[in-house]
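Each chain, letter by letter, is given below.
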Amino acid sequence: MKVEYQPKVIGFLCNWCSYAGADMAGTSRISYAPNVRIIRVPCSGRVDPLLVLKCFQRGADGVLISGCHPGDCHYTEGNYHARRRFALLRNFLDYLGIAKERLRVEWVSASEGQRFAEIVASFTTELAELGPCVKERSLG
Amino acid sequence: MEEVRIGVYICHCGSNIAGTVDVAQVSQYAGTLDSVVIARDYKFMCSEPGQEMIGRDIKELGLNRVIVASCSPHMHEPTFRRVCEEAGLNRYSFQMANIREHCSWVTEDHEKATEKAQALVQAAVRRVFYHEPLEIREVPVNSNTLIVGGGIAGIQAALEIADSYHKVYLVEREPSIGGHMIQLDKTFPTLDCSACILTPKMSQVGSHPYIELLSYSEVEEVSGYVGSFKAKIRKKARYVDEEKCTGCGLCQEKCPWKVTSEFDMGLGQRKVIYTPFPQAVPNVPVIDRQNCAYFQKGKCRACEKFCEAGAIDFEQEDKLVEVEVGNIIVATGFQTFDPSIATQYGYGKFDNVITGLQFERLCNATGPTGGNIQLKDGSIPRSVALVHCIGSRDENYHDYCSRVCCMYALKHSHLIKEKTNSMVYQIFTDIRCFGKDYEDFYQRLVKEGVNFVRGKVQQVTSANGKEADQGRLIITAEDPDNSKVTQVPADMVVLCAAIESQQDANEVAHILSISRKADGFFLERHPKLDPVATMTEGIYVVGCCQGPKDIPDTVSQASAAAARVLALISKGKVEIEAATSIIDEEKCSGCRICEFLCPYGAISFIEDKEVCRVNEALCKGCGTCAAACPSGAITSKHFTTEQIMAEIEGVLV
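Calculation notes
- Residues numbered from 1 in each chain as written.
- Chains lettered and ligands numbered in written order.
- Predicted model: local features only at pLDDT ≥ 70, side-chain atom pairs only at ≥ 80, totals over all residues.
- Heavy atoms only, no water.
- Helix = DSSP H or I, 4+ residues; strand = E, 2+ residues; numbered from the N terminus.
- Buried < 20%, exposed > 50% of the residue type's maximum accessible area, 1.4 Å probe, protein only.
- Contact = heavy atoms within 4.5 Å.
- Areas by Shrake-Rupley, 256 points an atom, 1.4 Å probe, with all protein chains shown as cover.
- Disulfide = S-S within 2.5 Å.
- Salt bridge = Lys/Arg side-chain N within 4 Å of Asp/Glu carboxyl O.
- Buried area = accessible area lost by both parts, 1.4 Å probe.
- Polar contact = N/O pair within 3.5 Å; in protein donor to acceptor, adjacent residues only side chain to side chain.
- Nonpolar A, V, L, I, M, F, W, Y, C, P; charged D, E, K, R; others polar.
- Pairing = 2+ DSSP bridges.
- Axes fitted to C-alpha atoms, helices over the stretch in contact; angles between N-to-C directions.
- 1 Å grid on protein atoms, 1.4 Å probe; cavity = no way out; pocket = protein on both sides within 12 Å on 5 of 7 lines; lining within 4 Å.
- Points joined across faces, edges and corners; volume = space filled by probe spheres on them.
- pLDDT = per-residue confidence, 0-100.
- Patch = residues over 30% accessible without salt bridge, like charges linked within 9 Å, V, L, I, M, F, W, Y side chains within 5 Å.
- Lys, Arg positive; Asp, Glu negative; His and termini not counted.
- Charge placed at Lys NZ, Arg CZ, Asp CG, Glu CD.
- Right-handed = clockwise from strand over helix to strand, strands pointing away.

Mind laying out the overall build of chain A, listing which residues take part and the relevant values?
Counting its regular elements, chain A contains four helices and four strands. Walking chain A from its N terminus toward its C terminus, one meets helices and strands in the order β-α-β-α-β-α-β-α. A total of 140 residues make up chain A; the buried ones form 61% of that total. When contacts within chain A are restricted to residue pairs at least 6 apart in sequence, those whose partners lie at least 24 apart make up 78%. Here chain A has roughly 5600 Å² of accessible surface; of this, 53% comes from carbon and sulfur atoms.

Here you go:
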């Protein structure tokens, strides 16, 4: 039997909006791909580009960074910093030979469980089409 | 460094986790991981025996790190942190692995779920290895409270707090407190006169020694955190000196200019210098600058001539007031759906199509008709139709149910029956009488001879087909079950327009750093167990700004928020974030990137050392600075790079 390829995704979710949004997906029993692993951070602004690169180096096929919607950041503006930071990093990823589509930045509020599950579904589908991220294994 | 000794506890959560995840296998797996001294699984870790188990193990096995793999940390992190503290550990020795909300509840395949739970436990084990004890800091709680919004919610909360001798700043943007409740004629199901039950509370607010009422004012800026917030409030110019005004009302009588009254929902008129209604608190009028002849054309000043107290002050300007408070209660209320958007209902086209709130004014003794239910031409309607669910339970506008419309439509029906001989039709999709004694009220109305017609209204048209005709109207409704179409003739149509979030709810949310749900209402901390607090400590939401609700529910929620505030005041101190950032001055290059990123101004540059330093009292621990520091000199405590890296490695094993 052919084993269907399931991409490994790391999700950095801010504590106040997106982590609670993912909780809401759970409470509402909306299932999504099991290979998504969530790491809680205080704010999307805490996510250092090095942490993202570390994920790829360690075998992740995709990285999702999710914070509060623009204007709703619990810390006022951390998500704006994240947005700028990862717009830059995405370009840099291409340069490294990692498809920039493997890094996504999304906004999910605490009430958007459904939206979180939908984002995961579309991201994993896209990653499955890209196939395993082999290139970056040679990074480290 | 002391030896790391980790205890791992896998919760079954009844069948919530164990029904999907092989908890025994996860526990066995955890036992094989580095530094794990003990791994157990148990039916309910949050139960008393579960908590005792952890406490006992900490003492007997000398554990210095604890991991519980169970629900979301938003649920039980405080519980298990306390268990650790009671057993003598620092609360930051604890880590939670979320294998319920993020695993068992979202994964169908049992094998995959177990694999995921193992990865999450592995990550927690690796992470907790790098945990360090953090110092718990406490700050005093300012005993003043800011309440935003002076409707029944804000009034109730203000009185509860002020009655226990604690100062309240009550901010209301309109010239008087009272909110929507003071516009209502009678209230369901008791038929209490709304003003009769509200005005005693309003006057109590007005004269309370512990309440400072800031009417005709708006909150512009809020900074700080639980225990010590600072708020900037704009007191708009009334052009009437509150100190001098005696509230005699002569100015209103003498003012020669009339405009449409907002309070009467456009059905009546008011003067340009006005109090919105006779029982206004404070009883101090406001000059409506936009419509004032003196302000617009430079002539008139009639009010000034007749004011014996010399209270009129055309030179008055907006004033900015700054207050310091420990807690904030948000009670900003609602607005009603504008039915003119949905043109099929004929609102704005036919004179005798009005909203539920307009009907309240029509029915009220202080309203434009002195309480007579009459058509635009002054005649008594032969039949009145109350149309439910206008803009609510409607996929084109709002999906939610506005909760109060069924009941007030019944109440309106009773009043129509009482005051006129009209036929009354209720055109409804479902009748929802959920509250105490509400069902009895419904049965009473059935007996009173109200006609109930099931159907979603498709359109309201003129009986003779002419657009401009202001006579008899025809309501066409379709039964949602069998698509049967019914036509009901009526002289007056009352539209039960949805309760919706205030137009500027988004601005308010930004000012206060609170969130809104997709439907626009403010988001509470937990929909069932914490429907009063928000994700921002020290800020509470009450009344219809949190979601549509009736008066009893609003009052309960307001009292609950007041109790929460009083609890914090009585405790006198509050813990603040211990997971702040710290800068290693040896590594800092003094580039000052962090200083400009910090949203709290918590980072300052030390000139003589040419390094940056964090003021921990101001730092909230967002970690943005740590992510941006090019020299890696900044550590975001409890979310250190080492800890997150270890977690990444753990989940990817």
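We are not done yet, so read on.
Report on the state of the cysteines, specifying residues and quantitative values.
The final tally for this structure, using the stated rule, is two disulfides over all chains. Bridging Cys17(A) to Cys68(A), the disulfide has an S-S length of 2.4 Å. Measuring the twist about the S-S bond at about 100 degrees, one finds the Cys17(A)-Cys68(A) disulfide to be right-handed. Here Cys17(A), found in the loop between strand E1 (9-14) and helix H1 (18-27), pairs with Cys68(A), found in the loop between strand E3 (62-67) and helix H3 (78-96); they are 51 residues apart in sequence, far enough to count as distant. No difference in accessibility class separates Cys17(A) from Cys68(A), as the two residues are buried. Note on cysteine connectivity: Cys193(B) is disulfide-linked to Cys196(B), with sulfurs 2.4 Å apart. Judged by the sign of its S-S torsion, about 80 degrees, the bond between Cys193(B) and Cys196(B) is right-handed. Assessed through its relative accessible area of 49%, Cys196(B) is described here as partly exposed. There is no disulfide at Cys43(A), and the cysteine sulfur nearest it, in Cys73(A), is 4.0 Å away. You can see Cys245(B) has no disulfide; the closest cysteine sulfur is in Cys251(B), sitting 6.4 Å from it. Residue classification places Cys245(B) among the buried residues on the basis of a relative accessible area of 18%.

Let's hear about the pattern of salt bridges: which residues, and what values?
Applying the stated criterion across every chain, the model contains 46 salt bridges over all chains. In this structure, Arg126(B) and Glu649(B) form a salt bridge, with 3.7 Å as the shortest nitrogen-oxygen distance. Here Arg126(B) is found in helix H5 (residues 110-128), whereas its partner Glu649(B) is found in helix H18 (residues 641-651), with 523 residues between them in sequence. One connected set of salt bridges, linked through shared partners, spans Arg104(A), Glu106(A), Glu112(A), Arg115(A) and Glu126(A).

Which residues make up the interface of chain A and chain B, and what are the values?
Taken together, the 49 residues of chain A in the interface contact 48 residues of chain B. Between chain A and chain B, a total of about 4300 Å² is buried, with carbon and sulfur atoms accounting for 59% of that surface. On the surface where chain A and chain B come into contact, there are three salt bridges. A salt bridge links Arg40(A) to Glu77(B); the shortest N-O distance between them is 2.7 Å. Linking chain A with chain B are 13 residue pairs in polar contact (both at pLDDT 80 or more). Every element with two or more residues in the side of chain A that touches chain B is listed here: E1, H1, strand E2 (36-41), helix H2 (49-57) and H3 of chain A. Across the side of chain A that touches chain B, the residue classes tally to 24 nonpolar, 13 polar and 12 charged.

Explain the sheet that holds strand E23 (residues 451-454) of chain B residue by residue, including any values.
Residues and elements named next belong to chain B. Strand order in the open sheet formed by five strands is E20-E27-E21-E22-E23, and the pairing between neighbours is parallel. The outermost strands of the open sheet, each flanked by one partner alone, are strand E20 (353-355) and E23. For this sheet, the mean inter-axis angle between neighbouring strands, taken without regard to orientation, is 25 degrees. Here strand E21 (residues 383-390) runs beside strand E22 (residues 423-428); their pairing, made up of five bridges, is parallel. In the strand pairing of E22, Ser-383 is matched with Met-423. On top of the sheet, helix H11 (residues 356-363) reaches E20 and strand E27 (492-497); it is set at about 90 degrees to E20, its chief contact.

Can you break down empty space enclosed by the protein residue by residue, with the values?
Residues and elements named next belong to chain B. Under the counting rule described, the total for this entry stands at seven cavities of 30 Å³ or more. Computed from the structure, the largest cavity encloses a volume of approximately 100 Å³. Cys-598, Ile-603, Cys-619, Cys-622 and Cys-625 are the residues nearest the centre of the largest cavity, which is lined by 15 residues in total. Partitioning the lining of the largest cavity into residue classes produces 10 nonpolar, four polar and one charged.

Please provide a residue-by-residue account of the sheet that holds strand E6 (residues 145-148) of chain B, values included.
All names here are of chain B. The strand order across the open sheet built from five strands is E10-E7-E6-E18-E29, with neighbouring strands paired in parallel fashion. Each edge of the sheet is formed by a strand with only one pairing partner; in this case those strands are strand E10 (211-214) and strand E29 (539-541). In this sheet, neighbouring strand axes are inclined to one another by 15 degrees on average, regardless of whether the strands run parallel or antiparallel. Note that strand E7 (residues 168-171) and E10 share four bridges and pair parallel. By the bridge assignment, Tyr-169 is partnered in E10 with Glu-212.

Tell me about the confidence of the model for chain B, and name the residues and values.
Looking at chain B, pLDDT values average 95 and 99% of them are 70 or higher. Our summary of model confidence lists the complex with pTM equal to 0.85 and ipTM equal to 0.95.

Break down the confidence of the model for chain A for me, citing the residues and quoting the values.
When pLDDT is averaged along chain A, the result is 90; 94% of the residues meet or exceed 70. Least confident of the elements in chain A is H3(A), whose mean pLDDT is 92; most confident is E1(A), at 98.

Would you mind going over a nonpolar patch on the surface in detail, with residue names and values included?
Together, Met1(B), Phe129(B) and Tyr130(B) make up an exposed nonpolar region whose accessible area comes to about 360 Å². Here Tyr130(B) lies in the loop between H5 and strand E5 (137-140).

Explain a negative patch on the surface residue by residue, including any values.
Residues and elements named next belong to chain B. On the surface, Glu-108, Asp-109, Glu-111 and Glu-115 cluster together into a patch of negative charge. Secondary-structure assignment places Glu-108 in the loop between helix H4 (100-104) and H5. Assessed through its relative accessible area of 65%, Glu-108 is described here as exposed.

Could you give an account of the pairing of strand E3 (residues 65-70) of chain B, with specific residues and numbers?
Residue and element names in this part refer to chain B. Across the six residues that make up E3, a large majority, six, are buried. Burial of E3 is two-sided: the residues Arg-65, Ile-67 and Ala-69 facing one way and the residues Val-66, Val-68 and Ser-70 facing the other way are all buried. The sheet contact formed by strand E1 (residues 6-11) and E3 spans five bridges and is parallel. Bridge pairing in E3 places Tyr-9 opposite Val-68. One ladder, built from five bridges, connects E3 with strand E4 (residues 94-98); its direction is parallel. Bridge pairing in E4 places Ala-69 opposite Ala-97. For the handedness criterion, the β-α-β arrangement of E3, helix H3 (residues 73-86) and E4 is classed as right-handed.

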